[in-house]
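These are the residues of each chain, in order.
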Amino acid sequence: MNVANLALQQTPPLSVPLRFFLTAPLFGLFACSLLMYYGPPILLNRWNFATLALTHSLTLGVMTMVMMGALLQLLPVLAGVTIPKPKWVSTFLHALLTTGTLSLTLGFMLNYSLYLTIGLVLLSLTFILFFAIIGYCLIKVVHSHITIAMRLAVFSLFICVSLGLILLLFLTQYTTVFDPAIFTNLHLIWGLIGWAALLITGIAYQVVPMFQITPQYPQLITRWLVPALFISLLLFTLSNLTGYFTSITTILLSLELSLFALITLSIQKRRLRKLPDVTLNFWRFGMIHLLLSILLSTLTLIWQPLATKAFYPTLLGILFIGGFILPVIQGMLYKIVPFLIWLHLQNQQLNVLNPIQLVKIPNMKQVILDKQARYQFWIYVSGFILLIAAIWITDLLYISTTLLIISFSGLAYNLYKATWIYHSTSRQLHEAKS
Amino acid sequence: MLAEYSLDVSLLEPCEPLERILAALPQLPTGHYLHILHRMEPHPLYPILKQLGYAWITQVGQQVELFIWQQDDHQAEQSVKTLLKI
């Protein structure tokens, strides 16, 4: 592991990443309320505007929200680069992303072009600011396999956002010059595989061995897998635009993503300290569903009619977003948030005269109790399984959504309680100092 | 008598290693040093050690080894340097 680059003293203020992490479960609840409000029809058609509102509240409101916060935190720590005016940057980015996502989803829900246009403007500003700041930092960073993953993930996000903005222009009828179906597929592939899976892969190289006490990922993988995935995405795009070799590029992407999932599962099986850990459960759940979603999409190459079945895109979306990305993100939050809180309290302790004796700093397991996180995990798993079943047995949607609401509320409770613990201990430290 | 106190934190997840090290330091008698086995370089520990008045040497190999002693304890310092042939 490239721990020599861990410049922990450069960690930005806690509020910089935390505002993003605390907002994500609220968007999860918002997405659940859409499921509850629209009911079973939301799962029937991917082109349904309510479905678009649902997917964007999850991909922008939860996924991008957490990943943006994580990048603002990890860039200074892992790559040793300082983000200029981090509090201002995070405040603006967070406000723009939150309001932009809300406007966009409202625009989809109400099919109202004014809200879509406001969403278009706000999200354009969000990503212009994000690319300017993060791009500047990523140019300056030390070259490592993690920073390569960050660069390629951010570049993928750029492609995803550009395609998304073009599609929004189409929806708001500013342009009608292209086939939205192909652009939509490329938009979601660059978002879900390019932005999400690439960044998860790069961050996994650091956080899985560090927090789950596993052996390191093989060097060949840490060096080549992310660039290979990126090149495969480019080839996939070309093949989709031209109509040639689509099967080959699909297989290539499937093989590379499977490799990541299988190696992660393998090093987790060989972890050095075999104690129960809820993060491990989230990650294993995520990797298994990544494999299942790859299996499902690869099946369409053998049995093409599968791709035309109404349930296929919904099932694939639920497996990939709900089964892979969201669990991995939740698992990461359960490690990163307590670790950051502990780290910041430890740094504050340094400013007090005797760091050992004055105030007891809660350790990571006290910041978020494993038992509470475990309850939340199992409720999420139950809600997820019932959501898949609801594709065929539609009445199950309401029970599934209720469970998912409880699960996201549990996640919010655990994260907000952790924040409260931070503030109360921080107050004690300052009182001890004065 | 061996001047070394050993502590293996290599199988502990963050933040346990730092907590164990901070708990072990006050029990270090004069003339003794703490030898720590770690999986990674403990960057957050260094400023704390500095503030508490400890000196240290880190050796990064397959495993990370840390040798910590009180800054003004020349006997412990000498033991570490003899051990590491510095």
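These figures come from a predicted structure and were not determined experimentally.

**Some thoughts on the nonpolar core**
Thinking step 1. Counting residues in hydrophobic clusters, the biggest one holds 169 residues, and the most contacted among them are A:F21, A:W195, A:W283 and B:I68.
Thinking step 2. In terms of residue count, helix α11 (residues 311–350) of chain A provides more of this core than any other element does, 23 residues in total.
Thinking step 3. Contact partners of B:I68, with chain neighbours within four places excluded, come to B:I21, B:L25, B:L28, B:Y33, B:L34, B:I36, B:L45, B:L49, B:Y54, B:A55 and B:W56.
Thinking step 4. Residues B:I57, B:F67, B:W69 and B:A76 belong to the second largest nonpolar core, which totals nine residues.

**Overview of the packing of aromatic side chains**
Thinking step 1. One pass over the full model with this rule turns up 27 aromatic pairs over all chains.
Thinking step 2. Residues A:Y205 and A:Y217 carry aromatic rings whose centres are separated by 5.3 Å and whose planes lie at 65° to one another, so their mutual orientation is edge-to-face. Placement of the pair is A:Y205 in helix α6 (residues 180–212) and A:Y217 in the loop between α6 and α7 (219–242), with a sequence separation of 12 residues.
Thinking step 3. The buried category is assigned to A:Y217, whose relative accessible area is 4%.
Thinking step 4. For the ring pair B:Y33 and B:F67, a centre distance of 6.1 Å and an interplane angle of 55° mean the geometry is tilted. Placement of B:Y33 in strand β2 (residues 33–38) and of B:F67 in strand β4 (residues 64–70) is noted, with a sequence separation of 34 residues between them. Across the pair, B:F67 and B:Y33 agree in class, each one buried.
Thinking step 5. Ring-pair connections join several aromatic residues into one group, and the members of that group are A:F127, A:F130, A:F131, A:F155, A:F158, A:W190, A:W195 and A:F230.

**Here's the deal with the packing of helix α9 (residues 278–302) of chain A against α11(A)**
A pair of packed helices is captured by two measures, namely the crossing angle of their axes and the spacing between those axes.
Residue and element names in this part refer to chain A.
Thinking step 1. Interaxial distance between α9 and α11 falls to 8 Å at its minimum, and their mutual angle equals 160°. Accordingly, the angle class assigned to the pair α9 and α11 is roughly antiparallel. Relative to α11, α9 is oriented so that their crossing is left-handed.
Thinking step 2. A per-class count over the contact of α9 with α11 returns 17 nonpolar, 10 polar and one charged.

Rules used in this analysis
Residues numbered from 1 in each chain as written. Chains lettered and ligands numbered in written order. Predicted model: local features only at pLDDT ≥ 70, side-chain atom pairs only at ≥ 80, totals over all residues. Heavy atoms only, no water. Core = buried A, V, L, I, M, F, W, Y, C linked by side-chain atoms within 4.5 Å. Buried < 20%, exposed > 50% of the residue type's maximum accessible area, 1.4 Å probe, protein only. Helix = DSSP H or I, 4+ residues; strand = E, 2+ residues; numbered from the N terminus. Contact = heavy atoms within 4.5 Å. Phe/Tyr/Trp six-rings, centres within 6.5 Å; stacked < 30°, edge-to-face > 60°. Axes fitted to C-alpha atoms, helices over the stretch in contact; angles between N-to-C directions. Parallel < 35°, antiparallel > 145°, perpendicular 65-115°, else oblique. Left-handed = near helix turned anticlockwise from the far one by under 90°. Nonpolar A, V, L, I, M, F, W, Y, C, P; charged D, E, K, R; others polar.

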